[in-house]
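What follows is each chain in one-letter form.
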Amino acid sequence: AGEQLRRRTADGAWIHTSSTATAAEVTSLLGTERVVAIHLGAPPPPAPEPGDTPPGLDALAEQPFVVAIGTEERRKGLQLLVAAFAEPAMAHSDAHRVLAGARGDDSDAIDARLAGHPALDRIRRLGPIDDTTKTWLLRHAAALAYPSVDEGFGFPILEAQRYGVPVVATDVGSVGEVAGNAAVLVSGREPAAFAAALARAMTGAERTDLIAAGCRNVDRFRWETTAAELLDLYR
């Protein structure tokens, strides 16, 4: 795929990326200035509240919880999150921790990290979830954890902000570009730092500010703008 991209670029093709962070990487890798960053639009308005709590989630309805949604891939950095759950800032919290997503290339390593985990009784690993369960989780979560190793855009950030859920994320790739000032961004991959950021977002004084800033941030991303800028690029 890389060679094909280089051939197409040499022939004069333009490249569209969904973030300026990715555009900078592509420009460097392919040695071309014909790269245009056009942001994606925000997710649709929140889905209605499910009538009933999805099966197996009754305990979560009565407790605050932090959720990570997505396939257990290495690039999603969930091992950092599991390690953060063992740190003092989170280990002694009554909050539950929820991993929601299908098994992937990082699942075996996550299995190993969870073995003997000090907060295992408050960690829920749901596996694949349907849209109803996802909606319920986003409507009730105290925070979304997004500990990625790299991101080309970060659509789940906007999805959480649309639902009024504070976001804690690693400051990598396009995450800061998309999240704006509406997320707690963590530099590096120290579990203690990520745990402290989660505690702040879930219970700290800045929680209300994060929610309000998130709602404003989502409005920056409009599909009408995406479509208009893509038309300009094609022309």
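Read on for an overview of the structure. (Residues numbered from 1 in each chain as written. Predicted model: local features only at pLDDT ≥ 70, side-chain atom pairs only at ≥ 80, totals over all residues. Heavy atoms only, no water.)

### Remarks on the packing of aromatic side chains
Link 1 in the chain: Counting across every chain of the model gives two aromatic pairs.
Link 2 in the chain: An angle of 5° between the planes, with centres 6.0 Å apart, marks the rings of Phe65 and Trp136 as stacked. Here Phe65, found in strand β3 (residues 65-69), pairs with Trp136, found in helix α6 (residues 131-140); they are 71 residues apart in sequence, far enough to count as distant. Summarising the burial analysis for this pair, Phe65 and Trp136 share the class buried.
Link 3 in the chain: Geometrically, the ring pair formed by Phe153 and Phe221 is edge-to-face, given 6.0 Å between the ring centres and 85° between the ring planes. With Phe153 in the loop between β6 (143-146) and α7 (155-162) and Phe221 in the loop between α10 (207-218) and α11 (223-234), this residue pair connects regions lying 68 residues apart in the sequence.
Link 4 in the chain: Under the relative-accessibility criterion, Phe221 is labelled buried at 4%. (Phe/Tyr/Trp six-rings, centres within 6.5 Å; stacked < 30°, edge-to-face > 60°. Helix = DSSP H or I, 4+ residues; strand = E, 2+ residues; numbered from the N terminus. Buried < 20%, exposed > 50% of the residue type's maximum accessible area, 1.4 Å probe, protein only.)

### A short note on the sheet that holds β6
Link 1 in the chain: Reading across from one edge, β5-β4-β3-β6-β7-β8 is the order of the six strands in this open sheet, with parallel pairing throughout. Among the strands making up the open sheet, the edge pair consists of β5 (123-127) and β8 (184-186). In this sheet, adjacent strand axes meet at a mean angle of 20° when their direction is disregarded. (Pairing = 2+ DSSP bridges. Axes fitted to C-alpha atoms, helices over the stretch in contact; angles between N-to-C directions.)

### Section: the nonpolar core
Link 1 in the chain: In terms of nonpolar packing, the biggest core is built from 27 residues, with Val66, Leu81, Phe85, Val168, Phe194 and Leu198 touching the most fellow members.
Link 2 in the chain: Elements that contribute at least two residues to this core include exactly β3, α3 (78-85), α5 (107-114), β6, β8 and α9 (191-203).
Link 3 in the chain: Aside from chain neighbours lying at most four places away, what touches Leu81 is Ala68, Leu99, Ala145, Pro147, Phe194 and Leu198.
Link 4 in the chain: With 22 residues, the next largest nonpolar core counts Leu57, Tyr163, Val167 and Val172 among its residues. (Core = buried A, V, L, I, M, F, W, Y, C linked by side-chain atoms within 4.5 Å. Contact = heavy atoms within 4.5 Å.)

### Some details on the pattern of salt bridges
It is possible for side chains bearing opposite charge to pair when their charged atoms get close.
Link 1 in the chain: As enumerated under the stated definition, the model contains twelve salt bridges in all.
Link 2 in the chain: With a closest N to O distance of 3.0 Å, Arg125 and Glu72 form a salt bridge. Of this pair, Arg125 sits in strand β5 while Glu72 sits in the loop between β3 and α3, placing them 53 residues apart in sequence.
Link 3 in the chain: Among the residues examined, Arg125 registers a relative accessible area of 29% and is labelled partly exposed.
Link 4 in the chain: Where Arg125 meets Asp111, a salt bridge forms, and the shortest distance between an N and an O atom there is 2.6 Å. Of this pair, Arg125 sits in strand β5 while Asp111 sits in helix α5, and the two are 14 residues apart along the sequence.
Link 5 in the chain: The class for Asp111 is partly exposed, based on a relative accessible area of 30%.
Link 6 in the chain: Connected via shared salt-bridge partners are Glu72, Arg103, Asp108, Asp111 and Arg125. (Salt bridge = Lys/Arg side-chain N within 4 Å of Asp/Glu carboxyl O.)

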